[in-house]
Amino acid sequence: MSLIKTISFKSLGDERGSLVVLEGGKVVPFDIKRVYYIFDTKEGVSRGFHAHRNLKQVAVCVTGSCRFVLDNGKQKEEVVLDSAIKGLLINDLIWHEMYDFSSDCVLIVLASEHYNESDYIRNYQEFLQVVNHG
Ligand code: T46
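The rules behind each value
Residues numbered from 1 in each chain as written. Predicted model: local features only at pLDDT ≥ 70, side-chain atom pairs only at ≥ 80, totals over all residues. Heavy atoms only, no water. Phe/Tyr/Trp six-rings, centres within 6.5 Å; stacked < 30°, edge-to-face > 60°. Near = heavy atom within 4 Å. Polar contact = N/O pair within 3.5 Å; in protein donor to acceptor, adjacent residues only side chain to side chain. Helix = DSSP H or I, 4+ residues; strand = E, 2+ residues; numbered from the N terminus. Nonpolar A, V, L, I, M, F, W, Y, C, P; charged D, E, K, R; others polar. Core = buried A, V, L, I, M, F, W, Y, C linked by side-chain atoms within 4.5 Å. Buried < 20%, exposed > 50% of the residue type's maximum accessible area, 1.4 Å probe, protein only.

(A) Structural detail: the packing of aromatic side chains. All chains considered together, the criterion is met by five aromatic pairs. Considering the side-chain rings of Tyr37 and Phe39, the 5.8 Å spacing of their centres and the 40° angle between planes classify their relative orientation as tilted. Relative to Tyr120, the ring of Tyr115 has its centre 5.9 Å away and its plane inclined at 65°; by these criteria the two rings are edge-to-face. By the ring-pair criterion, three or more aromatic residues cluster together here, those being Trp95, Tyr124 and Phe127.

(B) A look at the site of the ligand. Neighbouring residues of the ligand: 13 residues in total, closest Arg34, Arg47, Gln57, His96 and Tyr120. Arg47 places a side-chain nitrogen or oxygen 2.6 Å from an oxygen atom of the ligand. Contacts to the ligand include His96, whose side-chain N or O atom sits 2.6 Å from an oxygen atom. Among the secondary structure elements, those contributing two or more residues to the shell around the ligand are β2 (34-39), β3 (47-52) and β8 (95-99). If you tally residues by element for the shell around the ligand, the top one is β3, at four residues. Residue classes in the shell around the ligand are distributed as five nonpolar, five polar and three charged.

(C) Local environment of the nonpolar core. Core analysis: the biggest nonpolar cluster contains 17 residues, and Ala59, Cys66, Phe68, Leu81, Leu88, Phe101 and Leu107 have the highest contact counts within it. Elements supplying a minimum of two residues to this core: β4 (57-63), β5 (66-71), β6 (76-81), β7 (86-90) and β9 (106-111). Considering every element that reaches this core, the biggest residue donor is β5, with three residues. Val28, Phe30, Val58 and Leu89 belong to the second-largest nonpolar core, a separate cluster that totals eight residues.

Spelled out as structure tokens, the structure:
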């Protein structure tokens, strides 16, 4: 089974342009408690390198593009986000890395929980330990 789960958003377009609605519990499969965005990322920079213990997220590149690597400890897959109507679902206990940000990339992330640093697993060996042995 693929680790890459994308969600296609409906674009409500008319002659004026496009509009996308992201509602928690509807197209986004959880209640949204937090929104953050990453932009102005410098050339060659990679981010992420962690997993979350208890957090679901949907990432959308509303402008520009970037690549995500998702890893469940057994399988690793990569996806390009380059569309304002495509969301990437990042479940808990998925190690993720982001790179290849275009200079105009604006990456918006919708999260199911408030920020909590203790929810992060930032050490890959610890991540493997948690996914393999609980
Ligand atoms: C994730 C990927 C996709 C906060 O204070 N509150 C927040 O809500 C967030 C998201 C971050 N921060 C602080 C923590 C760090 O001092 O902002 C700083 C940068 O965060 P971090 O180094 O974790 O950024 P990324 O890009 O590596 O990871 C972020 C999210 O933190 C993470 O949850 O899944 O984007």
